[in-house]
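Examining the three-dimensional arrangement
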Amino acid sequence: ESASTEAMSAADTAGTEAMMAEDENTDKKIVTVTTSFLYDMVGQLAGEFVERELIIPAGEDPHLYVAKPEDLKKIEEADMVLYHGLHFEGKMQDVLEAKGYAVASTFADDKIGKMEENGETVIDPHFWFDIDLYKEATANAAEKLKELLPDNKEDIDAHLAAYLEELTALDEENKAALDGIEKENRYLITPHDAFNYFSRRYDIEVVAPQGVSTDSEVANKDLEDTVDFIVEHGVKAIFAESTTDPARMEKLKEACAAKGFDVKVVSGEGNELFSDSLAPKGEDGDTYIDMYKHNVRLITENLK
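The sections below set out a description of the structure shown in this document. (Residues numbered from 1 in each chain as written. Predicted model: local features only at pLDDT ≥ 70, side-chain atom pairs only at ≥ 80, totals over all residues. Heavy atoms only, no water.)

1. Points about unusual backbone geometry
In plain terms, the rule: In this text, helices come from DSSP runs of H or I with a minimum length of four residues, and strands from runs of E with a minimum of two, each type numbered from the N-terminal end. Here the term buried applies to any residue with accessible area under 20% of the maximum for its type, exposed to any over 50%, and partly exposed to those in between, with areas from a 1.4 Å probe on protein chains only.
Phi angles above zero are rare outside glycine, and His87 is one such case at about 65°. Its place among the elements puts His87 in the loop between β3 (80-83) and α4 (93-99). Among the residues examined, His87 registers a relative accessible area of 54% and is labelled exposed. The backbone of Asp203 sits at a positive phi, close to 55°, despite the residue not being glycine. Tracing the chain through its elements places Asp203 in the loop between α7 (196-202) and β8 (205-207).

Spelled out as structure tokens, the structure:
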């Protein structure tokens, strides 16, 4: 009898603990973020202290994403909203500016990439390929999280310091790997202009037929210019991206073949560069650090 009473009281205790844990979960502040990059960033800094809500699912293209009614609800109900800024979330800019904080808002003007497109100067939003800027964005997110969670300041500071060290080590690892690519092979051809910060940081020339936003049209002249560049420089391999149509790179390959030059298209599952999104949870590249390692491995293996 006493054994069964003990079992019942253990079950009661377990039940009460589970309910308390549930209550604790519901008491957590809600941080809504626009992209998989920021979902990971908040997870690194304060994953155990907040509930995270993601607007643009991993694998989708933020340039083209239009907010749904349930996304607006996530923004309304959040205790904090974080977004990239630099017009990356173009179709949601107004809503985000009203309620959110742009992690890129402190960047010095001379650090922000700019490009000429159709006679206009456009901002390049792909700052995460410059690890120094990504560190600054992470530190900005940490400051906001500390305002939201004053009781967890010390933990967030400790997580930030540890993560910044990991990012420094990643940068050094990237440099060492990419330095192994000979000068005459240091050309990265991608579908849209997402790798210019990467290009400046690691001294690899980047060429893309489409501009910084996938929202723009791909002109035939830009495709032809890219083909000429590939043939002229004897580029060994060109790369598909996880968020754009790989058919575009196949078209480039066909156009090169018509000029008597054979170029390899690096594409297919697990063989695409991540540009505007991390991989879905549980797949290779689902954190910022793993995404960057995946990209560098793919580039070095195919251009060396």
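2. Some words on the side chain of Thr34
To keep it simple, the criterion reads: Two residues form a contact once any of their heavy atoms are found within 4.5 Å.
Mapped onto the elements, Thr34 comes out in the loop between β1 (29-33) and α2 (36-46). You can call Thr34 buried: its relative accessible area is 0%. Those residues in contact with Thr34 that lie beyond four places of it in its chain are Leu54, Ile55, Ile56, Leu82, Tyr83, His84, Glu89, Met92 and Leu96.

3. A short note on the sheet that holds β3
What holds strands together in a sheet is hydrogen bonding between their backbones, with the strands either parallel or antiparallel. Rules: Whether two strands pair depends on DSSP finding at least two bridges between them. Think of each axis as a best-fit line through the C-alpha atoms, taken over the contacting stretch in the case of a helix, with angles from 0 to 180 degrees between the N-to-C directions.
Spatially, β2-β1-β3-β4 is the arrangement adopted by the 4 strands of the open sheet, whose pairing is parallel. This sheet does not close on itself; its edge strands, each paired only once, are β2 (50-54) and β4 (101-102). In this sheet, β4 lies alongside β3 in parallel orientation, the contact comprising 2 bridges. Bridge pairing links Tyr83 to Ala102 in β4. Relative to β2, α2 is tilted by about 175°, and along the sheet it contacts β1, β2 and β3. Across the face of the sheet, helix α5 (residues 131-148) comes into contact with β1, β3 and β4 while running at roughly 175° to β3.

4. A short note on the pattern of salt bridges
For the record, the criterion: One side-chain nitrogen of Lys or Arg within 4 Å of one carboxyl oxygen of Asp or Glu is enough to make a salt bridge.
Across all of its chains, the model carries 15 salt bridges by this definition. The partner of Lys293 in a salt bridge is Glu173, with the nearest N and O atoms 3.9 Å apart. Pair noted here: Lys293 is in helix α10 (residues 288-303) and Glu173 is in helix α6 (residues 153-178), with a separation of 120 residues, a long-range link. On the accessibility criterion, Lys293 (33% relative accessible area) is partly exposed. With a shortest N-O distance of 3.0 Å, Lys259 and Asp228 are connected by a salt bridge. Placement of the pair is Lys259 in the loop between α9 (247-258) and β10 (264-266) and Asp228 in helix α8 (residues 220-233), with a sequence separation of 31 residues. Under the relative-accessibility criterion, Lys259 is labelled exposed at 51%. Relative accessible area serves as the criterion here: at 34%, Asp228 is assigned to the partly exposed category.

5. Considerations on the packing of aromatic side chains
As a reminder of what qualifies: Centre distance within 6.5 Å is the pairing criterion for rings of Phe, Tyr and Trp, where only the six-membered ring of Trp is used; planes under 30 degrees apart are then read as stacked, over 60 as edge-to-face, and the remainder as tilted. Our definition puts a charge over a ring when NZ of Lys or CZ of Arg is within 6 Å of the ring centre and also within 35 degrees of the ring normal.
Under the definition given, this model contains 15 aromatic pairs. Judged by centre distance (5.0 Å) and plane angle (80°), the ring pair of Phe107 and Phe127 falls under edge-to-face. Note that Phe107 is positioned in the loop between β4 and β5 (114-117) and Phe127 in the loop between β6 (120-123) and α5, a separation of 20 residues in sequence. You'll find Phe107 and Phe127 in the same group, each marked buried. Counting every residue linked through ring pairs, the aromatic cluster contains Phe37, Phe88, Phe107, Phe127, Trp128, Phe129, Tyr134, Phe195, Phe198, Tyr202, Tyr288 and Tyr292. Just above the ring of Tyr39 sits the side chain of Arg52; from NZ or CZ to the centre is 4.0 Å. In this structure, Arg200 is placed above the aromatic ring of Tyr197, and the distance from its NZ or CZ to the ring centre is 4.9 Å.

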